[in-house]
There are 2 protein chains.
Amino acid sequence: MGKALRAHSSHSAGVSAIGPGREFDLIRGFLRGGAPLPAEVRVGPGDDCAVVGSLAISTDLSVEGVHFRRDWLRPREIGWRAAAAALSDLAAMGARPVGVLVSLSVPPADAGSFATALMLGAREAVEAVGGVLLGGDLTRSPAGVAVDVVVVGESERPVLRSGARPGDGLWVTGELGGAAAFVRARVQGGRPRRGARSRFARPEPRIAAGRWLAERGIATAMLDLSDGLAGDATHLAAASGVAIDLQLDDLPVHTAADPELALRGGEDYELCFTASDLHAETRSAFAADLGLRLTRVGTVRRGRGVWIERQGRRDAVGSAGFQHFKGG
Amino acid sequence: MGKALRAHSSHSAGVSAIGPGREFDLIRGFLRGGAPLPAEVRVGPGDDCAVVGSLAISTDLSVEGVHFRRDWLRPREIGWRAAAAALSDLAAMGARPVGVLVSLSVPPADAGSFATALMLGAREAVEAVGGVLLGGDLTRSPAGVAVDVVVVGESERPVLRSGARPGDGLWVTGELGGAAAFVRARVQGGRPRRGARSRFARPEPRIAAGRWLAERGIATAMLDLSDGLAGDATHLAAASGVAIDLQLDDLPVHTAADPELALRGGEDYELCFTASDLHAETRSAFAADLGLRLTRVGTVRRGRGVWIERQGRRDAVGSAGFQHFKGG
């Protein structure tokens, strides 16, 4: 999930978030009229992290019933997942994690073992990528659990969302749709397919991959896949002022998912980036170093919006024509 | 309110928080076994902010029904108050605000004007102390509003909680108990006395005062008063490994409050600090520069805990003997 003053929807509990129209109207309203940014603020609102000096900072608020459900996840997994989602914003900038601060709000009955297990899960997630626990807070909640994770990372050379140029390829790491496959199965009352649960319950923030791509100057623009490829490609296209054509048949679909879930399902926390040139040797080196595949899923061109190409037909990602595909 | 891995209670909605015993057990459990802090982390868990390099960072989660009530505050005031409480942690380190990131979770019906007004209030609070909006996030909530504010400040020379030494005086800025007087009146169904409402609804983070004291090397230890003087003095004493004697008759009591509220009422967001020597000329210069009074309220000595001195008698701050005073 990303921060920097943008709204996002959540698919994780099978419930739709606030409609994007109102959300984005609100955000535009909020951005209007703010004070100008001082020079020490290298990246302000609108990207995965804010960058002040050489530190990238992001915050991610997870709410019970929207971002997670207790009947789907163990407390330790809720903590891991909240921290991993926040750390994924550092991955999206190519930053190195320093640590996290965790704020937890729980009903009094959960202040003991539940809260401890949740915080332990969050600490495990940050320590797994070389960071430490920088601080935390525990407050009472009248009902339901809320957890906010602040991530702090070192980022001398942040990769922004705004650097994509016509002619670049659009690439993703790993496989898509696994987390959404778990959610769909649980919402429909079915049994998730093999491998889907861990994609949802224990996502791996792609820190090493993000740094690899950033340090070599390969990624011209990058973000993490929290809202789903269709939605996140739209964010990247808007930030860069370009159009993106997605090749639906080229998506790396998780074995538990299908192309529609790979395109629209959120919370895979893979990286999506643009690159002007990505030779076979570079892809091989990436795969050897990271143990993760890279797949080209689209092309950047002049224009606006995100378009889906499939069997010779091109539809706007949000168009009625494409919506029709949902039934197929 | 402070961050850095500590629990705090809240008095603002007239409801008691999770009992301190369990909270602190939890926190001790959480701190045990964490990875060692790298050199770039100058201040880790346990103070008002974490400090990474020269940046102080803290996060503060406010929950409807615990930290604020909509029937007590306008949306803009909720936003101001959440940001001011978080900014107060920067004041407590003597840091200069760079900016804030605001995460807001609201029910769908509040995604419009309510959320906009709340965020506007938060932005006003940070711009009032020279910072900017660095980012934000809006998500759906199943019920109730939660707002998390992350503060980022520049702090070359952070003032910690751990620097108090026997012989130091204990000082506070401004007047105490005003916010608690508002809460008490509202809980009891009465009309708050003049001046109490603004202390609760529009607290002023003591940024300028904190920097003044830090830059001159005056404060040996400092924190902000979020939990109330009795509770926060206990935090400071524990962090510094000292005892503190509070002189109850010396407290600067807000006109709407009484000594008990000044001692135990939370959320005044004044600063509390120790100083080895504070000449009359220094106090005059402070008053002239900041328009704020300084009051000596106690003395640091060898030992442990916080003690209340009144009419020749000394009671532990949490002792039954002192509790008796509550009825007085």
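Note that the structure is predicted; figures quoted are calculated from it, not measured.

Helix and strand counts for chain A stand at 10 helices and 14 strands. Residues classed as buried in chain A amount to 60% of the 328 residues present. For chain A, long-range pairs separated by at least 24 residues make up 82% of all intrachain contacts whose partners lie at least 6 apart in sequence.

A complete count under the given rule lists 44 salt bridges over all chains for this structure. Between R70 of chain A and E64 of chain A there is a salt bridge, with the nearest N and O atoms lying 3.1 Å from each other. Among the ionic pairs, R314 of chain B bridges to E309 of chain B, the shortest N-O distance being 3.9 Å. Among the residues examined, E309 of chain B registers a relative accessible area of 24% and is labelled partly exposed.

Under the counting rule described, the total for this entry stands at 8 aromatic pairs over all chains. Between F182 of chain B and F200 of chain B the ring centres are 4.9 Å apart and the planes differ by 25 degrees, which places this aromatic pair in the stacked class. One end of the pair, F182 of chain B, is in helix α4 (residues 178–187); the other, F200 of chain B, is in helix α5 (residues 196–201), and 18 residues separate them in sequence. Its relative accessible area of 1% is what places F182 of chain B among the buried residues. Taking relative accessible area as the criterion, F200 of chain B reaches 1% and is therefore assigned buried. By way of ring pairs, the aromatic residues W72, F182 and F200 of chain A are connected into one cluster. For R202 of chain A, the ring lying beneath its charged end belongs to W80 of chain A, and the centroid distance is 3.7 Å. For the cation-ring pair, R81 of chain B lies above F200 of chain B, with the distance from its terminal atom to the ring centre recorded as 4.0 Å.

All names here are of chain B. Their axes nearest at 11 Å, the elements helix α6 (residues 207–215) and helix α9 (residues 280–290) cross at an angle of 145 degrees. Relative to α9, α6 is oriented so that their crossing is right-handed. For the pair α6 and α9, the contacting residues are A208, A209, W212 and L213 in the first and T282, A285, F286, D289 and L290 in the second. Among the residues making up the contact of α6 with α9, the classes are represented as 7 nonpolar, 1 polar and 1 charged.

Attention now moves to the side chain of E77 of chain A. Residues and elements named next belong to chain A. Summarising the element assignment, E77 is placed in helix α2 (residues 75–93). Accessibility expressed as a relative area gives 12% for E77, which makes it buried. When residues no more than four places from it in sequence are discounted, the contact partners of E77 are R197 and A201.

A few words now on the sheet that holds strand β10 (residues 243–247) of chain B. All names here are of chain B. Strand order across the open sheet formed by 7 strands is β9-β11-β8-β12-β10-β13-β14, with mixed pairing between neighbours. Each edge of the open sheet carries a strand with a single partner, namely β9 (221–224) and β14 (313–316). Geometrically, the sheet is characterised by an average inter-axis angle of 25 degrees between neighbouring strands, direction not taken into account. Bridge analysis of β9 against strand β11 (residues 271–275) gives 4 bridges, and the strand direction is antiparallel. By the bridge assignment for β11, M222 is matched with F273.

So, on to the packing of α2 of chain A against helix α3 (residues 113–127) of chain A. Residues and elements named next belong to chain A. Across the interface, α2 lies against α3 with an axial gap of 6 Å and an inter-helix angle of 40 degrees. In this view, α2 runs oblique relative to α3, as classed from their interaxial angle. As α2 packs across α3, the resulting crossing turns out to be right-handed. Packed against α2, whose contacting residues are P75, R76, I78, G79, W80, A83, A84 and L87, the element α3 presents F114, A117, L118, L120, G121, A122, E124, A125 and V126 at the interface. Grouping the amino acids of the contact of α2 with α3 by side-chain chemistry returns 13 nonpolar, 2 polar and 2 charged.

Residues and elements named next belong to chain B. In this structure the tally under the stated criterion is 1 cavity of 30 Å³ or more. Its volume calculated, the largest cavity comes out at about 30 Å³. Lining the largest cavity, in full, are S62, F68, L73, I78, R81 and A82. For the lining of the largest cavity, the element with the highest residue contribution is helix α2 (residues 75–93), accounting for 3 residues. The residue makeup of the lining of the largest cavity, split by class, is 4 nonpolar, 1 polar and 1 charged.

One non-glycine residue with positive phi stands out, namely E267 of chain A, at about 65 degrees. Structurally, E267 of chain A is set in the loop between α8 (259–264) and β11 (271–275). Here E267 of chain A falls in the buried class, since its relative accessible area comes to 4%. Although it is not a glycine, Q311 of chain B sits at a positive phi angle of roughly 50 degrees. Within the fold, Q311 of chain B resides in the loop between β13 (305–310) and β14. By relative accessible area, Q311 of chain B is classed as exposed at 67%.

Moving on, we come to the side chain of S155 of chain B. Mapped onto the elements of the fold, S155 of chain B is located in the loop between β7 (146–154) and β8 (169–173). Assessed through its relative accessible area of 2%, S155 of chain B is described here as buried.

Another point: the confidence of the model for chain A. All names here are of chain A. On average, residues of chain A score 88 in pLDDT, and 87% of them are at 70 or above. Low pLDDT, under 50, characterises residues 1–20; the stretch is placed with 106 contacts to residues that sit more than four places away or in other chains. Within the model, pLDDT remains below 50 along residues 320–328, and this stretch shows 17 contacts once partners closer than five positions in the same chain are excluded. Here the predicted complex carries an ipTM of 0.89, next to a pTM of 0.91.

Residue and element names in this part refer to chain A. By the burial criterion, the buried members of helix α6 (residues 207–215) are I207, A209, G210, W212, L213 and A214. The inward-facing, buried residues of α6 contact α2, β5 (96–106), β9 (221–224), β11 and α9 (280–290). Among the residues trailing α6, G217 stands out with phi positive, at a value near 65 degrees.

Residues and elements named next belong to chain A. With mixed pairing, 7 strands are arranged side by side in an open sheet as β9-β11-β8-β12-β10-β13-β14. Looking along the sheet, the strands with just one partner apiece sit at the ends: β9 and β14 (313–316). Shown here is a sheet whose adjacent strand axes are inclined to one another by a mean of 25 degrees, direction ignored. As judged from the 4 bridges shared by strand β13 (residues 305–310) and β14, these two strands associate in the antiparallel manner. Bridging across to β14, W307 finds its partner in A316. Relative to β9, helix α7 (residues 229–240) is tilted by about 145 degrees, and along the sheet it contacts β8 (169–173), β9, β10 (243–247), β11, β12 (294–301) and β13.

Thresholds, definitions, all that
- Along each chain, residues carry numbers from 1 onward, in the same order as the chain's sequence is written.
- Each chain gets a letter, beginning with A, and each ligand a number, beginning with 1, in the order they are written.
- With the structure being a predicted model, the display of local features is reserved for residues of pLDDT at least 70 and the display and counting of side-chain atom pairs for 80 or more, all residues being used for whole-chain, interface and lining totals.
- Heavy atoms from the whole structure form the basis of all side-chain values; hydrogens and water molecules are not counted.
- Helix numbering and strand numbering both begin at the N terminus, where a helix is a DSSP run of H or I of at least 4 residues and a strand a DSSP run of E of at least 2.
- Buried means the residue's accessible area, taken with a 1.4 Å probe over protein chains only, is under 20% of the maximum for its type, while exposed means over 50%, and partly exposed covers the values in between.
- Contact criterion: two residues are considered in contact whenever any of their non-hydrogen atoms come within 4.5 Å of each other.
- The salt bridge definition used is simple: a Lys or Arg side-chain nitrogen within 4 Å of an Asp or Glu carboxyl oxygen.
- Working definition: a ring pair exists when centres of Phe, Tyr or Trp rings (six-membered ring for Trp) sit within 6.5 Å. Plane angles under 30 degrees give stacked, over 60 give edge-to-face, the rest tilted.
- Placement of a charge over a ring requires the Lys NZ or Arg CZ to be within 6 Å of the ring centre, with the centre-to-atom vector within 35 degrees of the ring normal.
- Note on geometry: axes are lines fitted to C-alpha atoms, helical ones only across the stretch in contact, with angles between N-to-C directions running from 0 to 180 degrees.
- Whether a crossing is left-handed or right-handed is set by the direction in which the near helix is turned from the far one by less than a right angle, anticlockwise for left-handed and clockwise for right-handed.
- Polar here means any residue outside two lists: the nonpolar Ala, Val, Leu, Ile, Met, Phe, Trp, Tyr, Cys and Pro, and the charged Asp, Glu, Lys and Arg; Gly therefore counts as polar.
- Note on pairing: two strands pair once DSSP finds at least 2 bridges between them.
- Small angles under 35 degrees read as roughly parallel and large ones over 145 as roughly antiparallel, with 65 to 115 read as roughly perpendicular and the rest as oblique.
- Buriedness of a pocket was judged along seven lines, with at least five required to meet protein on both sides within 12 Å; pockets are open sets of points on a 1 Å grid over the protein atoms alone, cavities are sets where a 1.4 Å probe fits but cannot get out, and lining residues have an atom within 4 Å of a point.
- Grid points are joined across faces, edges and corners, and a volume is the space filled by probe spheres set on the points.
- pLDDT expresses, on a scale from 0 to 100, how confident the predictor is about each individual residue.

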